[in-house]
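Each chain, letter by letter, is given below.
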Amino acid sequence: MTVVLRVRDLTTSFTTDAGIVRAVDGVSFDLAAGETLGIVGESGSGKTVTALSILRLIAEPPGRIDPRSKIEYDGVDLLRLSQRELRRIRGAKIAMVFQEPMSSLNPVLTVGSQIAEAIRAHEPVSRRAATDRAVELLGMVGIPEPERRIRDYPHQLSGGMQQRVMIGMALSCQPDVLIADEPTTALDVTIQAQILELLVELQQRFGMAMLFITHDMGVLASVADRVAVMYGGQIVEEGGIRRIFEQPAHPYTQGLLAAVPRIDRPKDLRGIPGTVPTATAWPDGCRFHPRCDRRMEHCLEPPPEVEVQPGHTARCWLVGGSERDEA
């Protein structure tokens, strides 16, 4: 498959009163055309900062993307482009659906004018043509009576409809890559299922690659082809969705799956002790070891990335014979 987005050694830090916060630390992954890569992890793992870094939406200062990082779209390193060159790609070729639609939509403009503005920012079309396209997009994402709703303001729409507007806006220029940052977080279960179904349907229709960010393993199972598990600003395990769910190698991934309620085992529900450490003071070695019930002396050293099976890697001393060495 053709790789449309390649991220290598992405490191993003922030300068704060408490010191340098390394929110994303050496993240690498590939995203192929038509594929969905899910990025999963607890709050504070670096998922959203990874997404914002790809589109260079990190405010500088206080943020800073390490110049040695590489973010390549279609062979072009986005970190080397000027802001003018980047605007031709951001929104047109790589689009993003943010997790809070009410804070992403402008409250004093109609939803139709906002979608039309996004279209005209990238295509030389008239205001009337952009408005007609906006009506078409609202209908495509399942909003009833789009000709009337196009004149509504964000506060006149429900949370699910606001998110559909955001999806329509993101798809207005038929991007090659869609980044969906927890697009169902604030929605109830029924609306959540509808939004997920819509995203999968539109992805198949347009042949997009999708980077889907979530903290919910159950949601991930319904949309992703591959999974990258993040913890402490790093990817600790990556592999195919079925492989990760059936044979997780990293204790953190195992903990996330054990915390998912299952109808066949309603009483077998376990949480992960402790919380994600602060990014100003990541633990030495494996960043998960203070919360891991299988930690060893080796865990005080940075673990290597080990290939468990072709296409499945994990960053843990328990993988690849280290556990036997310790025994």
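Residues numbered from 1 in each chain as written. Predicted model: local features only at pLDDT ≥ 70, side-chain atom pairs only at ≥ 80, totals over all residues. Heavy atoms only, no water.

Chemist: Would you mind going over the overall build of the chain with me for this structure?
Modeler: Counting its secondary structure elements, the chain contains 12 helices and 13 strands. On C-alpha atoms alone, the chain measures out to a radius of gyration of 21 Å, which is about the 20 Å that the 2.2 N^0.38 rule sets for 327 residues. In terms of principal-axis extent, the alpha carbons of the chain reach across some 70 × 50 × 40 Å. Burial analysis of the chain (327 residues in total) assigns 52% to the buried set. Taking the intrachain contacts of the chain between residues at least 6 apart in sequence as the baseline, contacts between residues at least 24 apart amount to 62%. Accessible surface computed for the chain: about 15,800 Å², of which carbon and sulfur atoms make up 50%. (Helix = DSSP H or I, 4+ residues; strand = E, 2+ residues; numbered from the N terminus. Rg over C-alpha atoms; globule rule 2.2 N^0.38 Å. Buried < 20%, exposed > 50% of the residue type's maximum accessible area, 1.4 Å probe, protein only. Contact = heavy atoms within 4.5 Å. Areas by Shrake-Rupley, 256 points an atom, 1.4 Å probe, with all protein chains shown as cover.)

Chemist: What is the right way to look at the layout of surface pockets in this model?
Modeler: The method is simple in principle: a probe with the dimensions of a water molecule rolls over the atoms, and the space it marks as empty is what remains. Roughly 410 Å³ of internal volume is contained in the largest pocket. Lining the largest pocket are 21 residues, with Gly91, Met96, Phe98, Ala118 and Met169 sitting closest to its centre. Going through the elements one at a time, strand 7 (94–97), helix 4 (111–120) and helix 7 (159–170) are the ones with two or more residues in the lining of the largest pocket. Counted by class, the lining of the largest pocket contains 13 nonpolar, 6 polar and 2 charged residues. (1 Å grid on protein atoms, 1.4 Å probe; cavity = no way out; pocket = protein on both sides within 12 Å on 5 of 7 lines; lining within 4 Å. Points joined across faces, edges and corners; volume = space filled by probe spheres on them. Nonpolar A, V, L, I, M, F, W, Y, C, P; charged D, E, K, R; others polar.)

Chemist: Which parts of the structure should I look at to understand the pairing of strand 11 (residues 234–240)?
Modeler: Strand residues, when the strand is regular, have side chains that alternate between the two faces of the sheet. Of all 7 residues that make up strand 11, 6 are buried, and the element is covered over most of its length. As paired elements, strand 10 (residues 226–231) and strand 11 share 6 bridges and run antiparallel to each other. Across the sheet, the residue bridging to Met230 is Ile235, located in strand 11. The hairpin turn running from strand 10 into strand 11, its antiparallel successor, is 2 residues long, and Gly232 in that turn takes a positive phi close to 60°. Both strand 11 and strand 13 (residues 312–315) contribute to a ladder of 2 bridges, which runs antiparallel. In the strand pairing of strand 13, Glu238 is matched with Thr313. (Pairing = 2+ DSSP bridges.)

Chemist: Even after reading the chapter, I still don't get the sheet that holds strand 13, so can you show me in this structure?
Modeler: Within a sheet, neighbouring strands are paired by backbone hydrogen bonds and run either parallel or antiparallel to one another. Read across the sheet, 8 strands follow the order 7-8-9-3-10-11-13-12 without closing on themselves; strand pairing throughout is mixed. The open sheet terminates on both sides in strands that have one partner only, identified here as strand 7 and strand 12 (305–309). On average, each strand axis in the sheet is tilted by 20° relative to the strand beside it, whichever way the strands run. Alignment of strand 3 (residues 36–40) against strand 9 (residues 209–214), held across 5 bridges, turns out to be parallel. The partner of Leu37 across the bridge, within strand 9, is Leu211. Against the sheet, helix 1 (residues 47–54) makes contact with strand 3, strand 7, strand 8 (177–181), strand 9 and strand 10, and its axis sits at roughly 150° relative to strand 9, the strand it touches most. The strands touched by helix 8 (residues 189–206) within the sheet are strand 3, strand 8 and strand 9, with strand 9 carrying the most contacts at an inclination of about 160°. (Axes fitted to C-alpha atoms, helices over the stretch in contact; angles between N-to-C directions.)

Chemist: Help me out: how do you make sense of the pattern of salt bridges in this one?
Modeler: For side chains bearing opposite charge, pairing can occur when the charged atoms are close. Under the criterion given, the structure shown has 16 salt bridges. Between Asp77 and Arg80 there is a salt bridge, and its shortest N-O distance comes to 3.6 Å. For Glu145, the salt bridge goes to Arg148, with nearest N and O atoms at 3.1 Å. Note on Glu145: relative accessible area 47%, which makes it partly exposed. (Salt bridge = Lys/Arg side-chain N within 4 Å of Asp/Glu carboxyl O.)

Chemist: So what exactly am I meant to see when it comes to unusual backbone geometry here?
Modeler: Note: most peptide bonds trans; most residues except glycine with negative phi. Across the junction of Glu60 and Pro61, the peptide omega takes the value -15°, indicating a cis bond. Note that the residue after Pro61, namely Pro62, is joined by a cis bond; omega there is 10°. The backbone phi angle of Asp9 is positive, close to 50°, even though this residue is not glycine. Although it is not a glycine, Glu145 adopts a positive phi angle of roughly 50°.

Chemist: Can you help me understand helix 4 in this one?
Modeler: Because an α-helix completes one turn every 3.6 residues, residues spaced three or four positions apart along the sequence face the same direction. Counting buried residues in helix 4 gives 7 out of 10 residues, a clear majority hidden from the surface. Burial in helix 4 covers these residues: Val111, Gly112, Gln114, Ile115, Ala116, Ala118 and Ile119. Next to the buried residues of helix 4 lie helix 5 (127–140), helix 6 (146–149) and helix 7.

Chemist: Mind showing me how you'd approach the side chain of His312 here?
Modeler: Structurally, His312 is set in strand 13. Here Glu237 takes part through its side chain, which lies 2.6 Å from a polar atom of the side chain of His312. Those residues within four positions of His312 in sequence are excluded, and the remaining contacts are Glu237, Glu238, Gly239, Arg243, Ile244, Gln247, Ala249, Val306 and Glu307. (Polar contact = N/O pair within 3.5 Å; in protein donor to acceptor, adjacent residues only side chain to side chain.)

Chemist: Is there a simple way to think about the side chain of Thr36 in this case?
Modeler: Counting through the fold element by element, Thr36 comes out in strand 3. Each residue touching Thr36, except ones within four places of it in the same chain, is listed here: Gln203, Met210, Phe212, Val223, Ala224, Asp225 and Arg226.

Chemist: Which parts of the structure should I look at to understand the nonpolar core?
Modeler: As a rule of thumb, soluble globular proteins bury nonpolar side chains together. One finds Ile115, Val165, Ile167, Leu178 and Phe212 to be the most contacted residues of the largest nonpolar core, which totals 58 residues. Apart from the residues lying within four places of it in its own chain, the contact partners of Ile167 are Val97, Val141, Ile195, Leu198, Leu199 and Leu202. Core analysis: the second largest hydrophobic core is formed by 34 residues, Leu86, Met96, Ile213 and Ala228 among them. (Core = buried A, V, L, I, M, F, W, Y, C linked by side-chain atoms within 4.5 Å.)

Chemist: Whenever I open this one, empty space enclosed by the protein confuses me. Can you help?
Modeler: Enumeration over the complete set of coordinates arrives at 1 cavity of 30 Å³ or more. Of the volumes computed, that of the largest cavity is approximately 60 Å³. Taken together, 13 residues form the lining of the largest cavity, with Pro251, Cys286, Cys292, Cys299 and Cys316 sitting closest to its centre. Partitioned by chemical class, the residues of the lining of the largest cavity number 9 nonpolar, 2 polar and 2 charged.

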